[in-house]
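# Remarks on the overall topology
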Amino acid sequence: YGNADEESRVPLALVVCSVLGAVLIGLGIILVLAHNWDEMSRSTRTVISFAPLLIGQALAAVALIRKPGSVAWAEGAGAFLALAIGSSIALVGQTYHLPGDLGSFTLTWLLLGLPIVYVLNASVPAIFYMAGTTAWTAYMFSEQATTIWFYPLAALIVPHLVIAYRRSMVGIRATWLSWAVVLSLSIVTGLALDKSMPGLWIVVYMSLFAVMYLSGTWASENSGRFWRNPYRTVGAAGIVVLAFMFSYEWPWDEIGWKYYRTSYDSGSWRAIPDYVLVTSLFILAMLLLVRTLYRGDRGAAPLGAAPVLALIAYLVGAGDPESPIPPLLFNLYVLAAGVGVTANGLRTGHLGIVNGGLAILSGWIIARFVDADMGFVARGLAFITLGSAFLITNLVLMRRRRKQA
């Protein structure tokens, strides 16, 4: 068969230690300078302000010229240089009292640090960039400014994500980048909404998590543990948590066009991105659901179909604010989803999926028992029944595995 090609593997500990070392050294230098800052002259402050930046440039040059294939050098040098850019901007601005606010400082830092991602092909600066765009959006939201610019800024990092995913969807680099993406989107989506149409976030967030979940199913076969597939993990968790929330009455109070808000100074045009976002996410979720079902993965249907129910419940709640149908629909959905996930786990023999379905059922029953006026004996018997179901189901699956082995 010939000689096997050896796969180049970079020890994870080496990369982590190099990145942590660079970050800690950079932060330590900043703290030491801050301690003696008031005693220095303006010229000395200027020289020191640019020193971390020059050191970072030198490390990047070494990574490119002397260590061109070293992931540890690229990630470590990239992390240090990204921090050095921010510290240099802040120190020079403080020394010469340059005008600006936190938003302009963060945006300048992000745009100057972005080339590091592509020059060094480093993912840690990319994670810093996504965290920075999230922080910038949160600041703009607190200042009641337009936050829709998050999406063009986030699009600048997409080519690096594509390169990392093409190499390996379940590799260490792609995994950490995916966690940064899903967490950033989960936070920023709510901040970027104009909220002119109350309750529209119900459909937006349910569609967003469905897109994440269905996208993650494509890599689930080789993803290993749940943390290797953040899209599927966060998407499934988000759908279940939202479904539990929507089974109560409070999310459906005063939603829809009857409570449309027109008190914004910029006019109603700011709500247009909300409509574009909800339409795009819902259509994308439906396309992914159809494609997933066409592939034969029917086990993804219970969670993947959640946006349809959210849209129906939202339209019903918007038409009749007193209608009990929306929370009733989601109570039935949580029950059906728990049964469907459990049945899928039993069919495939996957113990984790079975326990996930039983956890959904248990959470729903416990939540309903907390609301209901029932005695301690009835609740105790219900808990004993749930616990017995967990133990018996796991025991049956373990015996089935042993027989197959």
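Residues numbered from 1 in each chain as written. Predicted model: local features only at pLDDT ≥ 70, side-chain atom pairs only at ≥ 80, totals over all residues. Heavy atoms only, no water.

## Some thoughts on the packing of aromatic side chains
Applying the stated criterion to the full structure yields 9 aromatic pairs. The interplanar angle of 35 degrees and the centroid separation of 5.8 Å between the aromatic rings of Y205 and F209 together place this pair among those described as tilted. On the criterion of helical spacing, the pair formed by Y205 and F209 is a turn pair, its members being 4 residues apart in helix α9 (residues 201-216). The two residues Y205 and F209 agree in class, both being buried. Ring geometry for F330 against Y333: centres 6.1 Å apart, planes inclined by 75 degrees, an arrangement best described as edge-to-face. Pair noted here: F330 and Y333 are both in helix α14 (residues 325-348), with a separation of 3 residues, about one helical turn. Comparing F330 with Y333, the two get one shared label, buried. An aromatic cluster is defined as three or more aromatic residues linked by ring pairs; in this entry it consists of W201, F246, W252, F330 and Y333. (Phe/Tyr/Trp six-rings, centres within 6.5 Å; stacked < 30°, edge-to-face > 60°. Helix = DSSP H or I, 4+ residues; strand = E, 2+ residues; numbered from the N terminus. Buried < 20%, exposed > 50% of the residue type's maximum accessible area, 1.4 Å probe, protein only.)

## Some remarks on the side chain of T137
Take T137: it is sitting in helix α5 (residues 124-142). The exposure class assigned to T137 is buried, which follows from its relative accessible area of 0%. Beyond its immediate sequence surroundings of up to four residues, T137 is in contact with T147, F150, V188 and L191. (Contact = heavy atoms within 4.5 Å.)

## Topic: unusual backbone geometry
Comment: phi is negative for the bulk of residues other than glycine, and the bulk of peptide bonds are trans. Positive phi, normally seen in glycine, also occurs at N121, with a value near 55 degrees. Position of N121 among the secondary structure elements: in the loop between α4 (102-119) and α5.

## Observations concerning the packing of helix α7 (residues 158-167) against helix α8 (residues 172-192)
Contact geometry of α7 with α8 gives a least axis separation of 9 Å together with a crossing angle of 140 degrees. Considered as vectors, α7 and α8 are oriented oblique to each other. As α7 runs across α8, the sense of the crossing is left-handed. Residue-level inspection shows H160, L161, A164, Y165 and R167 of α7 in contact with α8, the latter providing R173, A174, L177, S178 and V181. Residues that form the contact of α7 with α8 fall into these classes: 6 nonpolar, 2 polar and 2 charged. (Axes fitted to C-alpha atoms, helices over the stretch in contact; angles between N-to-C directions. Parallel < 35°, antiparallel > 145°, perpendicular 65-115°, else oblique. Left-handed = near helix turned anticlockwise from the far one by under 90°. Nonpolar A, V, L, I, M, F, W, Y, C, P; charged D, E, K, R; others polar.)

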